[in-house]
Amino acid sequence: MSLSSMLMRARPLVERALSKVAPPYTLFFSISDSKQRAEVRHTTAADFSSAWQTLTTDIHQAVWQAKMNPCWLRIDWVTRRSSTTLANLYEILSDTKRCYFRYGLALDLDCKIAFLEQELNANAMLYGSNRIDHAVLNKRNFRSYYQHRFGDQVELDFAEERNVVLLSTEGLFCESHTEPVYLYGTGPNTGRRIINNFNTKLLTQLIENASTYLERQLKSSGHFHPGWYPCFDLEIEDDNSLRHVSCTYAMIEAWEVSKDPALLATIERSLQALTRDLIKTIPIKTGETAAFLVESNGEINLGGNALSLLALVKYSEAMGGRAYADLMEQLAKGIELMQNQASGQFFHVLDYPSLNIKKQRLTIQYDSEAALGLIRLYSWDKNPRWLTMVEKALDHFIVTEQWRTHDYKLNSCVNELTKYRPKEKYYQLGIRNFANHLDFVENCKTTFPTLLELMMSAEKMISHLRSQELFQDLLDQLDLEYFYHALTKRAKHLLNGYFWPEFTMFFKNPKKITGSFFIRDHAFKIQIDDIGHYLSGLIAYREFLLSQAHKKLEYTDNPTQPDKTKHTKTMGFLHF
């Protein structure tokens, strides 16, 4: 569909929306061919027809100048203006989390020099550095994009007394092959499409798109591009092997959803590189052979062995084969070497090849990842050696009150262990891991994808406990209505970390990043292991929705608030 056709389709929808807005009207047209950063034009006029005609002419001229064949058109209109000074804007930015400024900005009261929120963020105009946790006006990036957009027609200065205007907008996004979709205005969903049905069909599409993105990140060597800073299309310099393994595990989960043969081929190439290049075997004092994931700096991290074991067990289960049976046992023996068999505590970092302890502790997640890898191996080969190690580990977690960390893998450990050791102390460990964390899960501003992983493993525990008459009283500790509300809200919030085309069109290389997931407060960084966490959480949530399908539940994009003062054992999601 041509740009003219997209404009023709959009016009009545925009005109209808603007009938609720008082003039003058400020409109923005943004176009992209998916290969280059969007060209944006805007105007302000006393009537809709004049604004539309001016922008139609301007945007066609932009197409000619950029030699572009647009496939995406985004139209935004200002719904509210808030005037202030640049000095006051600096104060506002100092109180705003980096990359979380969600307004457009005009540098004059007449909005002659104005930018959309997406322009500001995609060009890092309000980003200082990863050492500054709040938004700042980046004068160098601001001037660079200003010059691209407006040339030298007006001298840009940053005098503190300068009047500026914060712009709230609503919008519409058109693709050449689909119907236009309305975009959210202010709030955490700002700028992305309105989703009327948050259902398994949508989730399946997101899962397939993100896993296809990961396919494209695998190089001919079998190793991954670790990630990108999309504002300027810069590759992240990182050779952390844990990211390789974590990403591969999530791809196997995604393959179980899609059954895509191309994805499976990518997974197998990734596993070949893992087992050929990254995992090393070495004899140990017992006379046995152990295996370790060795980083490029010669370190062995407990988490590396754990994630490697999880990925190989997951692949073996999915394929029904035993090709990696020996290697999985050797990885488990490597983990055994990193556990104090008396206390159950794990050591986190060894030196390779001496196997001397280099660091007792590094990150708390390694503990639960190790225990989870071992119990998943036990579920596959039924070797009691691994089960004993897991029991020792979880008993140590109880003594050290590891539940206080709200570790997202801990509940998965408990879920697996209680299949074989259904003891109250383990259930209690799992419940404490999330019960007092629900306010944070509900209200955390960032997408924080591991929170959904935590909630999904917690939900599996709740569902299991419902079927266990002996442990019904443990559920009395939970406000289940609030739990399911927080779960649903968290799952939907992950949509704000997905690179929809209405977002990507403002970045340097839109097509490359569309369909991936990002971390907003890290300059929209795209990293393969972060995408893996998004995938794991959404895949689990999709399974949850499928399990509830017989109830014919509809999940809208705006669930009602539960009464947090009400304690109930009823499934809260029934009320949304």
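Please read all numbers here as calculations on a predicted model, not as lab measurements.

K.L.:
Is there a simple way to think about the confidence of the model for the chain in this case?
P.N.:
The predicted structure's coordinates, where accompanied by low pLDDT, should not be read in detail. Counting all residues, the mean pLDDT for the chain is 94, and 95% of those residues have values of 70 or more. Segment residues 565-576 is flagged for pLDDT under 50; beyond a separation of four residues in sequence, or across chains, it makes 42 contacts in the model.

K.L.:
Explain the nonpolar core to me, please; I cannot follow it from the model alone.
P.N.:
Proteins that are soluble and globular tend to have nonpolar side chains buried together. Ranked by size, the top nonpolar core spans 170 residues in total, and within it Phe-115, Phe-142 and Leu-394 carry the most contacts. Top element by residues in this core is helix α20 (residues 528-547). It accounts for 10 residues. Not counting chain neighbours up to four residues away, the residues in contact with Phe-115 comprise Phe-28, Gly-104, Leu-105, Leu-107, Leu-120, Met-125, Phe-142, Tyr-145, Tyr-146, Arg-149, Phe-150 and Leu-167. Core analysis: the next-biggest nonpolar cluster, separate from the first, contains 27 residues, Ala-10, Ala-45, Leu-55 and Trp-77 among them.

K.L.:
So what exactly am I meant to see when it comes to the sheet that holds strand β14 (residues 357-359) here?
P.N.:
Strands pair in a sheet through their backbones, by hydrogen bonds, and they do so in one of two ways: parallel or antiparallel. Spatial ordering of the open sheet is given by β12-β13-β14, a layout of 3 strands whose pairing is antiparallel. Of all the strands in the sheet, the pair left with one neighbour each is β12 (299-301) and β14. The mean angle between the axes of side-by-side strands here comes to 40°, regardless of whether they run parallel or antiparallel. By the bridge criterion, 3 bridges tie β12 to strand β13 (residues 349-351) in an arrangement that is antiparallel. Bridge pairing in β13 places Asn-301 opposite Val-349.

K.L.:
Even after reading the chapter, I still don't get empty space enclosed by the protein, so can you show me in this structure?
P.N.:
Any space left empty among the atoms is revealed by the rolling of a water-sized probe across them. Scanning all chains against the criterion turns up 4 cavities of 30 Å³ or more. The space that makes up the largest cavity amounts to roughly 80 Å³. In terms of lining, the largest cavity is formed by 13 residues, of which the most central are Gln-118, Phe-503, Phe-507, Arg-520 and Phe-524. Sorting elements by how many residues they give to the lining of the largest cavity places helix α4 (residues 117-122) first, with 4 residues. Of the residues that constitute the lining of the largest cavity, the class distribution is 7 nonpolar, 3 polar and 3 charged. A volume near 70 Å³ is recorded for the second largest cavity. For the second largest cavity, the full set of lining residues is Tyr-100, Arg-102, Pro-188, Lys-445, Thr-447, His-493, Asn-496, Gly-497, Phe-518 and Arg-520. Per-class residue counts for the lining of the second largest cavity are 3 nonpolar, 4 polar and 3 charged.

K.L.:
I keep staring at the pattern of salt bridges and nothing clicks. Help me out?
P.N.:
Two side chains with opposite charge may pair up if their charged atoms get near one another. Inspection of every chain in the model, using the stated rule, returns 28 salt bridges. Among the ionic pairs, Glu-256 bridges to Lys-314, the shortest N-O distance being 3.0 Å. Taken together, the residues span a long stretch of sequence, with Glu-256 in helix α7 (residues 241-258) and Lys-314 in helix α9 (residues 302-319) at a distance of 58 residues. Judged by its relative accessible area of 14%, Lys-314 is buried. Measuring nitrogen to oxygen at the nearest pair gives 3.4 Å for the salt bridge that ties Glu-391 to Arg-421. One end of the pair, Glu-391, is in helix α12 (residues 384-399); the other, Arg-421, is in the loop between α13 (410-417) and α14 (424-434), with 30 residues separating them in the sequence. Sharing partners across several salt bridges, the network here consists of Glu-288, Glu-329, Lys-333, Glu-336 and Arg-385.

K.L.:
Help me out: how do you make sense of helix α8 (residues 261-278) in this one?
P.N.:
Residues spaced three or four apart along an α-helix point in a common direction, a consequence of the helix completing one turn every 3.6 residues. Between its first and last C-alpha atoms α8 spans 25 Å; for 18 residues at 1.5 Å apiece the expected length is 26 Å, and the two agree. Of the positions making up α8, those classed as buried are Leu-263, Leu-264, Thr-266, Ile-267, Ser-270, Leu-271, Ala-273, Leu-274 and Leu-278. Close packing links the buried residues of α8 with α6 (200-217), α7, β10 (279-283), β11 (289-293) and α9. Its side-chain oxygen placed 3.1 Å from the backbone nitrogen of Ala-262, Asp-260 serves as the N-cap of α8.

K.L.:
Help me out: how do you make sense of the packing of aromatic side chains in this one?
P.N.:
What characterises a pair of aromatic rings is the spacing of the ring centres plus the angle enclosed by the ring planes. Under the defined criterion, the tally for this structure stands at 26 aromatic pairs. Grouped by ring-pair contacts, the aromatic residues Phe-115, Phe-142, Tyr-145, Tyr-146, Phe-150 and Phe-158 constitute a single cluster. Taking the ring centre of Trp-255 as reference, the NZ or CZ of Lys-259 above it sits at 4.8 Å. The lysine or arginine in question, Arg-520, covers the ring of Tyr-100, its NZ or CZ lying 5.6 Å from the ring centre.

K.L.:
I tried to follow the sheet that holds strand β8 (residues 227-229) on my own but got confused; where do I start?
P.N.:
If you walk across this open sheet you meet the 3 strands as β9-β8-β15, and the pairing is antiparallel. Strands at the two margins of the open sheet, each flanked by one partner only, are β9 (234-235) and β15 (526-527). Alignment of β8 against β15, held across 2 bridges, turns out to be antiparallel. Opposite Gly-227, over in β15, you have Gln-527 as the bridge partner.

K.L.:
Explain a nonpolar patch on the surface here, please?
P.N.:
Taken together, the side chains of Tyr-229, Phe-232 and Leu-234 make up a nonpolar region of the molecular surface, amounting to roughly 270 Å² of accessible area. Tracing the backbone through its elements, the reader meets Leu-234 in strand β9.

K.L.:
Please explain unusual backbone geometry as it appears in this structure.
P.N.:
Here the amide bond leading from Pro-23 into Pro-24 is cis, since omega sits at 5°, within 30 degrees of zero. Mapped onto the secondary structure, Pro-24 falls in the loop between α1 (3-18) and β1 (25-32). A cis geometry characterises the amide bond from Tyr-352 onward to Pro-353, with omega recorded as 10°. Relative to the helices and strands, Pro-353 is located in the loop between β13 and β14. Phi angles above zero are rare outside glycine, and Cys-99 is one such case at about 70°. Of note in the backbone geometry, Asp-233 takes a positive phi value of approximately 55° without being a glycine.

Analysis parameters
- Residues numbered from 1 in each chain as written.
- Predicted model: local features only at pLDDT ≥ 70, side-chain atom pairs only at ≥ 80, totals over all residues.
- Heavy atoms only, no water.
- pLDDT = per-residue confidence, 0-100.
- Contact = heavy atoms within 4.5 Å.
- Core = buried A, V, L, I, M, F, W, Y, C linked by side-chain atoms within 4.5 Å.
- Buried < 20%, exposed > 50% of the residue type's maximum accessible area, 1.4 Å probe, protein only.
- Helix = DSSP H or I, 4+ residues; strand = E, 2+ residues; numbered from the N terminus.
- Pairing = 2+ DSSP bridges.
- Axes fitted to C-alpha atoms, helices over the stretch in contact; angles between N-to-C directions.
- 1 Å grid on protein atoms, 1.4 Å probe; cavity = no way out; pocket = protein on both sides within 12 Å on 5 of 7 lines; lining within 4 Å.
- Points joined across faces, edges and corners; volume = space filled by probe spheres on them.
- Nonpolar A, V, L, I, M, F, W, Y, C, P; charged D, E, K, R; others polar.
- Salt bridge = Lys/Arg side-chain N within 4 Å of Asp/Glu carboxyl O.
- Expected span 1.5 Å × (residues − 1).
- Polar contact = N/O pair within 3.5 Å; in protein donor to acceptor, adjacent residues only side chain to side chain.
- Phe/Tyr/Trp six-rings, centres within 6.5 Å; stacked < 30°, edge-to-face > 60°.
- Lys NZ or Arg CZ within 6 Å of the ring centre and 35° of its normal.
- Patch = residues over 30% accessible without salt bridge, like charges linked within 9 Å, V, L, I, M, F, W, Y side chains within 5 Å.
- Areas by Shrake-Rupley, 256 points an atom, 1.4 Å probe, with all protein chains shown as cover.

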